[in-house]
Amino acid sequence: MNHTANARSWVEHANGHSDFPLQNLPLGIFSRPGEARRCGVAIGDAILDLEAVLAAGLFDGAAKAAVEATRGGALNAFFALGRSARVALRERLQVLLGEHSEHQAALQAALYPASACQLHVPAQIGDYTDFYVGIEHAKNVGKLFRPDNPLLPNYKYVPIGYHGRASTIRPSGTDVRRPKGQTLPAGHTEPSFGPCARLDYELELGIWIGQGNDMGQAIPIGDAAEHVAGLCLLNDWSARDIQAWEYQPLGPFLSKSFITTISPWVVTAEALEPFRCAQPARPDGDPQPLSYLLDKRDQAAGAFDIELEVLLLTERMREQGAAPHRLTLSNTRSMYWTVAQLVAHHSVNGCQLQPGDLFGSGTLSGATPGSHGSLLEITEGGKLPVELASGEVRKFLEDGDEIILRARCSRDGVASIGFGECRGTVIAAN
């Protein structure tokens, strides 16, 4: 698989592209006006229609079987084929889209401007689980409620998570309707009902499950990475005032289920291979993971070095033609648990994971100012408003605000790749 920085494509705008050069080739589901959904691969500012390439007879063997599994407008069956299918398809696509390809003329007809296509959620998500692996976020939020004991005793022993709602996961660009719910205003003894007043974003990584497991059969930690098809960006929008009233004793419910936004491209595990790194050493005094969560290879190369960014664009800023305001610059190295540990823990009790299931990492904040992954942390619960160049201030999100998530992987000697954007604009409650 070609990861070298000098590998080039005959699709000229892909060369040096900020997100989608030849070395990335993420997969997604797209449609053109009046046409059915189908699988495509992002290359530069275009989408290559894989069904059209299949019809042209340019796939065979395992790569052909991989594309055939994408039929029907969802990637679940493709995810179920596992790593060998992804590798076969990736290697064939790098040949077809490489600068010396002999099939340029045939492929040109299957290449569409991305701006002319609609992108969809790439798989039918049976189940969605949101974790809490950003330890800096956990500490920052914990300090707001438990200044003397921000982390609960189980945090460093078990990957904390909860089962979320898959039916309201939407692709980038979907409007975010301000939710309604019960809240307990300060100084009141009884709740009231109405629109959320403390709407927030959460900067997260999305994790797509590839091959699943049989019910009752745990996935060993040493095999867990093989069950991950790829990653995306995820914004777990949060109604903080609804959350504060409802979360005890069972955790998030309506405060999180109104919408979760994901970036539509699946950046495969193979494209991310050069950006793996060692899991950061645990601080002195922290417990080692229990044996079912501990694997030498995973500790040596199970983490990812991915830069994460959050931008805010208000309605006034759009009217002024102003650039978005950066709220957050963080990195996935802040994850206290690896992706493989999440998979192993989720299945250790015999829970069945299925192709197309989605995990959220939890909010990925850094330890320094400017790296916090939510307004709850940035403003310390609304006490320290963010001042914008437009003259506006924000404690939490207002109607018309757009949140933009971006991610980028960089390393010497390897072409940089990105995830595309994960965007959502807040609109008024019904």
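Residues numbered from 1 in each chain as written. Predicted model: local features only at pLDDT ≥ 70, side-chain atom pairs only at ≥ 80, totals over all residues. Heavy atoms only, no water.

As annotated in an unreviewed UniProt entry, the chain carries the name fumarylacetoacetase and comes from Pseudomonas putida. UniProt's Sequence similarities (unreviewed entry) comment on the chain is quoted here verbatim: "Belongs to the hydratase/decarboxylase family." (UniProt positions renumbered as here; feature names shortened; annotations may be inferred.)

According to the domain assignment, the chain consists of domain 1 (12-120) and domain 2 (128-427). With centres defined by C-alpha atoms, the gap from domain 1 to domain 2 works out at 28 Å. Between domain 1 and domain 2, the buried area comes to about 2,100 Å², and carbon and sulfur atoms account for 61% of it. Looking only at domain 1, the three residues that lose the most surface to domain 2 are Phe79, Arg86 and Leu119, adding up to 29% of its buried area. Where domain 1 packs against domain 2, one counts 2 salt bridges. Our count for the contact surface shared by domain 1 and domain 2 stands at 9 residue pairs in polar contact (both at pLDDT 80 or more). Of all the elements in the fold, those that place two or more residues in the side of domain 1 that touches domain 2 are β1 (27-31), β2 (38-43), α3 (76-81), α4 (83-97) and β5 (118-120). Classifying every residue of the side of domain 1 that touches domain 2 gives 13 nonpolar, 9 polar and 4 charged. (Domains from an automatic or database assignment. Buried area = accessible area lost by both parts, 1.4 Å probe. Salt bridge = Lys/Arg side-chain N within 4 Å of Asp/Glu carboxyl O. Polar contact = N/O pair within 3.5 Å; in protein donor to acceptor, adjacent residues only side chain to side chain. Helix = DSSP H or I, 4+ residues; strand = E, 2+ residues; numbered from the N terminus. Nonpolar A, V, L, I, M, F, W, Y, C, P; charged D, E, K, R; others polar.)

A word on the packing of aromatic side chains. Applying the stated rule across the entire model yields 8 aromatic pairs. Among the aromatic residues, those joined into a ring-pair cluster are Tyr132, Tyr155, Tyr336 and Trp337. Note that arginine 282 overlies the ring of tryptophan 337, its terminal NZ or CZ placed 4.5 Å from the centroid. (Phe/Tyr/Trp six-rings, centres within 6.5 Å; stacked < 30°, edge-to-face > 60°. Lys NZ or Arg CZ within 6 Å of the ring centre and 35° of its normal.)

Taking strand neighbours across the sheet as the criterion, the 5 strands line up as β4-β3-β2-β1-β5 in an open arrangement whose pairing is antiparallel. Taken across any chain shown, the strands that pair with only one partner, and hence form the sheet edges, are β4 (111-113) and β5. If you compare each strand with its neighbour and ignore which way they point, the axes differ by 45° on average. As judged from the 3 bridges shared by β1 and β5, these two strands associate in the antiparallel manner. (Pairing = 2+ DSSP bridges. Axes fitted to C-alpha atoms, helices over the stretch in contact; angles between N-to-C directions.)

α4 packs onto helix α2 (residues 61-68) with a crossing angle of 105° between their chain directions and a minimal axis gap of 8 Å. As the angle between them shows, α2 and α4 are arranged roughly perpendicular. Here α2 contributes Ala62, Ala63, Ala66 and Val67 to the contact with α4, which in turn contributes Ala85, Ala88, Leu89 and Arg92. Classifying every residue of the contact of α2 with α4 gives 7 nonpolar, no polar and 1 charged. (Parallel < 35°, antiparallel > 145°, perpendicular 65-115°, else oblique. Contact = heavy atoms within 4.5 Å.)

Another point: the UniProt feature "binding site: Ca(2+)" (unreviewed entry) in the chain. UniProt records the feature "binding site: Ca(2+)" (unreviewed entry) for Asp130, Glu202, Glu204 and Asp236 in the present numbering. Annotated residues spanning 107 residues; largest pairwise C-alpha distance 11.4 Å, indicating a single compact cluster. Within the annotated group just given, the residues that line the largest pocket are Asp130, Glu202 and Glu204. Positionally, aspartate 130 belongs in strand β6 (residues 128-131). Each residue touching aspartate 130, except ones within four places of it in the same chain, is listed here: Ile160, Gly161, Tyr162, Glu204, Asp236, Gly360, Ser361 and Gly362. Tracing the backbone shows glutamate 202 in the loop between β12 (199-200) and β13 (203-209). Under the relative-accessibility criterion, glutamate 202 is labelled buried at 3%. (1 Å grid on protein atoms, 1.4 Å probe; cavity = no way out; pocket = protein on both sides within 12 Å on 5 of 7 lines; lining within 4 Å. Buried < 20%, exposed > 50% of the residue type's maximum accessible area, 1.4 Å probe, protein only.)

In this section: the layout of surface pockets. Of the pockets and cavities examined, the largest pocket occupies roughly 910 Å³. Tyr132, Val141, Gln243, Tyr247 and Pro252 are the residues nearest the centre of the largest pocket, which is lined by 36 residues in total. Of all elements in the fold, only β6, α6 (135-145), β7 (161-164) and α7 (240-246) reach the threshold of two or more residues within the lining of the largest pocket. Partitioned by chemical class, the residues of the lining of the largest pocket number 17 nonpolar, 9 polar and 10 charged. Around the second largest pocket, the lining is made up of 21 residues, and of these Ala114, Leu119, Pro264, Trp265 and Glu421 lie nearest the centre. Those elements that provide at least two residues to the lining of the second largest pocket are β3 (46-49) and β5. Class assignment for the residues of the lining of the second largest pocket results in 11 nonpolar, 7 polar and 3 charged. Residue assignment places the lining of the second largest pocket across two domains, with domain 1 (12-120) and domain 2 (128-427) each supplying three or more. (Points joined across faces, edges and corners; volume = space filled by probe spheres on them.)

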